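Observations on the three-dimensional arrangement
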Amino acid sequence: MKLSIHQDEHITETEIIINCAYVDDRLQKLTDYIRQFSFSLEGEVDGKLYQIPVEQIFYIESVDNKTFIYDCERTYSCRQTLSALEEKLRNMTFIRISKSCLLNISYLKCVAPHVNHRLKAELQNGEQLIISRNYVESLKEKLRK
């Protein structure tokens, strides 16, 4: 694979062009990853609305029918359901790890066995999340890709 970057201070918008013979799984994964850098979710803190770049989100959690978005700095409340967000983030680096949590695997540091066939996920910021046994296989599959 050849990579070229052309830098010009007169260009007002970054454009990525990929020339290839065909799109394989690896290239599709790369394009999905790049696309998330132009996508954001809306979150609220103290009545103020913020646009949160998707690549900065560690995980999204639903607690007592309320959805929260976590990045490295703060916790935002979100008006959308976890299911709606899961659908929006389907082709990105997010995966459901429990009935109430979506994880951005870009921030996954490691996983370790936990009780009852579950896994414990440690994130790069030191936080730990539990991966339910029903979602372990889909996480392993996503990590293999």
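Up top is the structure these notes are about.
Note that the coordinates shown come from a computational prediction; the quantities given were computed from them, not determined experimentally.

Some thoughts on the overall build of the protein chain
Within the protein chain, the regular secondary structure consists of three helices and 10 strands. Ordering the α and β elements of the protein chain from the N terminus gives α-β-β-β-β-β-α-β-β-β-β-β-α. Its C-alpha atoms give the protein chain principal-axis dimensions of about 50 × 40 × 25 Å. Looking at the protein chain as a whole, 30% of its 145 residues are labelled buried. Within the protein chain, contacts between residues at least 6 apart in sequence are counted, and of these 38% link residues at least 24 apart. Here the protein chain holds 20 positive side-chain charges and 21 negative ones, and the gap between their average locations is 8 Å.

Thoughts on the sheet that holds strand E9 (residues 118-123)
With antiparallel pairing, three strands are arranged side by side in an open sheet as E8-E9-E10. Only two strands of the sheet have a single neighbouring strand rather than two, namely strand E8 (108-114) and strand E10 (128-131). Mean inter-strand twist for the sheet, computed between neighbouring axes without regard to direction, equals 25°. Where E9 and E10 come together, four bridges link them in antiparallel fashion. Across the sheet, the residue bridging to Leu-119 is Ile-131, located in E10.

Overview of the pattern of salt bridges
Scanning all chains against the criterion turns up five salt bridges. Glu-87 serves as the salt-bridge partner of Arg-90, at 3.1 Å between the closest nitrogen and oxygen. Between Glu-122 and Lys-109 there is a salt bridge, with its nearest N and O atoms 3.7 Å apart. Taken together, the residues Glu-122 in strand E9 and Lys-109 in strand E8 connect sequence positions 13 residues apart.

Describing the state of the cysteines
Under the criterion given, the structure shown has zero disulfides. Looking at Cys-110, it has no disulfide partner, and the nearest cysteine sulfur is the one in Cys-101, 16 Å off.

Section: the packing of aromatic side chains
Summed over the entire model, instances satisfying the criterion amount to three aromatic pairs. Between Phe-58 and Tyr-107, the ring centres sit 4.0 Å apart and the planes meet at 15°, which makes this aromatic pair stacked. A residue pair is termed long-range when its members are at least 10 positions apart, and Phe-58 in strand E3 (residues 57-63) and Tyr-107 in the loop between strand E7 (101-104) and E8 qualify at 49 residues. There is no split in this pair, since Phe-58 and Tyr-107 are both buried. Centroid distance Tyr-59 to Tyr-70: 4.3 Å. Interplanar angle 15°. Geometry classified as stacked.

Here we look at a nonpolar patch on the surface
Judged by side-chain polarity, Ile-16, Ile-18 and Leu-30 come together as a nonpolar surface patch covering roughly 250 Å² of accessible area. Mapped onto the elements of the fold, Ile-16 is located in the segment before helix H1 (25-35).

Rules of the game
Here the residue numbers are simple positions, counted from 1 along each chain's written sequence. This being a predicted model, a pLDDT of at least 70 is required before a residue's local features are given, and a value of 80 or more before pairs of side-chain atoms are given or counted; all residues contribute to the totals for chains, interfaces and linings. Computation of side-chain values covers all heavy atoms of the structure but excludes hydrogens and water. Counting from the N terminus, the helices are the DSSP runs of H or I reaching at least four residues and the strands are the DSSP runs of E reaching at least two. The rule is simple: take the accessible area with a 1.4 Å probe, protein chains only, and divide by the maximum for that residue type; under 20% is buried, over 50% is exposed, in between is partly exposed. By the convention used here, residues are in contact when the closest approach between their heavy atoms is within 4.5 Å. In summary, the charge assignment counts Lys and Arg as positive and Asp and Glu as negative, without counting His or the chain termini. Where a charge lies is defined by one atom per residue type: Lys uses NZ, Arg uses CZ, Asp uses CG and Glu uses CD. Criterion used throughout: strands pair if DSSP finds at least two bridges between them. Only the contacting stretch of a helix is used when fitting its axis, a line to C-alpha atoms as for every element, and angles between N-to-C directions run 0 to 180 degrees. For this document, the term salt bridge refers to a Lys or Arg side-chain nitrogen within 4 Å of an Asp or Glu carboxyl oxygen. Defined by distance alone, a disulfide is two cysteine sulfur atoms within 2.5 Å. Pairing of aromatic side chains requires ring centres within 6.5 Å, counting the rings of Phe and Tyr and the six-membered ring of Trp. Pairs whose planes differ by under 30 degrees are stacked, by over 60 edge-to-face, and all others tilted. Patches draw on residues past 30% relative accessible area with no salt bridge. Two like charges within 9 Å are joined, as are two nonpolar side chains (Val, Leu, Ile, Met, Phe, Trp, Tyr) within 5 Å. Each accessible area is a Shrake-Rupley estimate made with a 1.4 Å probe; only the visible protein chains count as cover when residues are assessed.

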